[in-house]
Amino acid sequence: MPEQIDLFSASGVEATPPPKDFDPDKIPTSASVPIPPGTYESLAPLADHCKSCQRCELAETRTNVVVSRGNPKAPIMVIGEGPGQQEDEQGLPFVGRSGQLLEKILGSVRLDTEKDVYICNIVKCRPPGNRNPLAGEINACRPYILEQIRLVDPKIILLTGATSVKGIIPSEKRGITKIRGTWIEWEGRQCMPILHPAYLLRNPSRDPGKPKWLMWQDIQAVRAKLDEIRAEAEVQ
């Protein structure tokens, strides 16, 4: 039976004082060890902790920890759900068929994954059989992703799939098909839920109203939002 853990306990990024006996070196050892906002000075020590992490049972079956790829100073962050087989083998997110499609989607509006985008996942280890991550696994990994967001400081966050939405905005209860393509302000950032590329691969029709057609509308809106943000920054 799936774990029934309250995701609301992990909501927000407000700083809370760590326990007096807080030892950051113990972060990878247990999900009971907190990761207060501001724990990491850069992405490098965060990645080191991730690569040795034992905070949930996914550590027992992984081949590689999948932390990120792309530009660590990118204006857009893409957050996926979890690594698949090829990601687990290569240690990089979105490198399989879904990743190839994601590259094409971003490229269609002149977004370069090496310059404009930073890509990561809600959980950094592959769930067995590519199942959805359990609530406890999301909770164990969520502090890492919150620190990645703080350090990369993106203007726009794309949440690919329902698990990604649940992991970042636990209070959002609407389904992905209801909220895809809409802008949600979270922690002062513009977030857009989008359909996962794997879903598009299963639904290849480009007819109006179909998933691929909807994605085309959404990614154009993302490009327009980025151009708008950049234009406002130039005026200031």
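Please refer to the structure placed before this passage.
The following refers to the structure shown. In this convention, every chain numbers its residues from 1, walking through the sequence in written order. With pLDDT at 70 or above as the cut-off, local features in this predicted model cover only qualifying residues; side-chain atom pairs require 80 or more to be listed or tallied, and sums for whole chains, interfaces and linings still use all residues. For the side-chain quantities, the full set of heavy atoms in the structure was used; hydrogens and water were omitted.

1. Some words on helix α4 (residues 135-152)
- Between its first and last C-alpha, α4 extends 25 Å over 18 residues, near the 26 Å set by a 1.5 Å rise per residue.
- By the largest-angle criterion, C141 marks the main kink of α4, which is about 40°, and a proline, P143, follows within four residues.
- Buried residues dominate α4, accounting for 17 of its 18 residues. Strands are runs of DSSP state E lasting at least 2 residues, helices are runs of H or I lasting at least 4, and numbering of each runs from the N terminus. By definition here, a helix of n residues has an expected span of 1.5 Å times n minus one. Think of it this way: the bend at a residue is just the angle between two axes, each fitted to seven residues, one set ending at that residue and the other starting at it. Remark: exposure states derive from per-residue accessible area (1.4 Å probe, protein chains only) relative to the maximum for the residue type, with buried under 20%, exposed over 50%, and partly exposed in between.

2. With respect to the packing of aromatic side chains
- Side-chain rings of Phe, Tyr and Trp (the six-membered ring for Trp) are treated as a pair once their centres are within 6.5 Å; stacked means planes under 30 degrees apart, edge-to-face means over 60, and tilted covers the remaining angles. Counted according to the given criterion, the structure contains zero aromatic pairs.
- Geometry around Y144 places R55 over its ring, the cationic atom sitting 5.7 Å from the centre.
- Consider the ring centre and the ring normal. A charge sits over the ring if Lys NZ or Arg CZ is within 6 Å of that centre and within 35 degrees of that normal. Sitting above the plane of the W183 ring, K225 keeps its charged end 5.3 Å from the centroid.

3. Examining the sheet that holds strand β2 (residues 76-80)
- Read across the open sheet, the six strands follow the order β1-β3-β2-β4-β6-β5; overall the sheet is mixed. Only two strands of the sheet have a single neighbouring strand rather than two, namely β1 (69-70) and β5 (184-186).
- At least two bridges found by DSSP between two strands is the condition for calling them paired. As judged from the two bridges shared by β1 and strand β3 (residues 117-121), these two strands associate in the antiparallel manner. Bridging from a neighbouring strand, G70 pairs with Y118 of β3.

4. Thoughts on the environment of A140
- In this structure, A140 sits in helix α4.
- Once residues lying within four places of it in the same chain are set aside, the contact partners of A140 are A31, R55 and C56. Contacts between residues were defined by any pair of non-hydrogen atoms, one from each residue, lying within 4.5 Å.

5. What about the side chain of R223?
- Tracing the sequence through the fold places R223 in helix α8 (residues 211-235).
- The exposure class of R223 is buried, given its relative accessible area of 12%.
- Residues adjacent in sequence count toward polar contacts only when both atoms are side-chain atoms; beyond that, a polar contact is any pair of N or O atoms within 3.5 Å, and within protein one must be able to donate a hydrogen and the other to accept it. Among the polar contacts made by the side chain of R223, one reaches the main-chain carbonyl oxygen of V109 at a distance of 3.2 Å.
- Among all residues touching R223, those that are not within four sequence positions of it are V109, R110, L111 and R230.

6. Things to note about the pattern of salt bridges
- Salt bridge, as applied in this entry: a Lys or Arg side-chain nitrogen positioned within 4 Å of an Asp or Glu carboxyl oxygen. With the rule as written, the count across this model stands at eight salt bridges.
- With its nearest N and O atoms 3.7 Å apart, the salt bridge here joins R230 to D116. Within this pair, whereas R230 is found in helix α8, its partner D116 is found in the loop between α3 (97-107) and β3, the two being separated by 114 residues in sequence.
- Under the relative-accessibility criterion, R230 is labelled partly exposed at 36%.
- Residue D116 is classed as buried on the basis of its relative accessible area, which comes to 5%.
- Between D218 and R180 there is a salt bridge, with the nearest N and O atoms lying 2.6 Å from each other. One end of the pair, D218, is in helix α8; the other, R180, is in the loop between α6 (176-179) and β5, with 38 residues separating them in the sequence. Here D218 and R180 have matching classes, each one buried.

7. Concerning unusual backbone geometry
- Backbone geometry at F94 places phi at a positive 50°, although glycine is not the residue there.
- Among the secondary structure elements, F94 is positioned in the loop between α2 (85-90) and α3.
- The residue D153 is not glycine, and still its phi comes out positive at about 55°.
- Among the structural elements, D153 can be located in the loop between α4 and β4 (156-160).

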